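Inside the fold
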Amino acid sequence: MRIGIADTTFARYDMGAAAIDELKKNASDLQIIRVTVPGVKDSSCK
């Protein structure tokens, strides 16, 4: 099974790595494709 993980450059925590670790703990035979994309920091979200 192929799984795609996308995270942003503005992330304060490496959520991509956390997601990959959790997937590897709970499933086998995975093909994980990880991409980091430019993020937009929206200061209006609080």
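In short, a report on the structure. (Residues numbered from 1 in each chain as written. Predicted model: local features only at pLDDT ≥ 70, side-chain atom pairs only at ≥ 80, totals over all residues. Heavy atoms only, no water.)

Regarding unusual backbone geometry
Excluding glycine, a negative phi dihedral is what most residues carry, and trans is how most peptide bonds are arranged. Which entries qualify depends on this criterion: Secondary structure is summarised from DSSP: a helix means a run of H or I of at least four residues, a strand means a run of E of at least two, and numbering begins at the N terminus for each.
Unusually for a residue other than glycine, Asp-29 sits at a positive phi of about 60 degrees. Inspection of the secondary structure puts Asp-29 in the loop between α1 (15–26) and β2 (31–37).

Here's the deal with the pattern of salt bridges
Rule in force here: Salt bridge criterion: a side-chain nitrogen from Lys or Arg within 4 Å of a carboxyl oxygen from Asp or Glu. The buried label goes to any residue with under 20% of its type's maximum accessible area, the exposed label to any with over 50%, and the partly exposed label to all in between, with areas taken from a 1.4 Å probe on protein chains only.
Under the criterion given, the structure shown has 2 salt bridges. Measuring nitrogen to oxygen at the nearest pair gives 2.5 Å for the salt bridge that ties Arg-34 to Asp-14. You can see Arg-34 sitting in strand β2 and its partner Asp-14 sitting in the loop between β1 (2–8) and α1, a full 20 residues away along the chain. With a relative accessible area of 39%, Asp-14 lands in the partly exposed category. A single salt-bridge network, built from bridges that share partners, covers Asp-7, Asp-14 and Arg-34.

So far we have only geometry, and geometry alone does not tell us how the molecule works.
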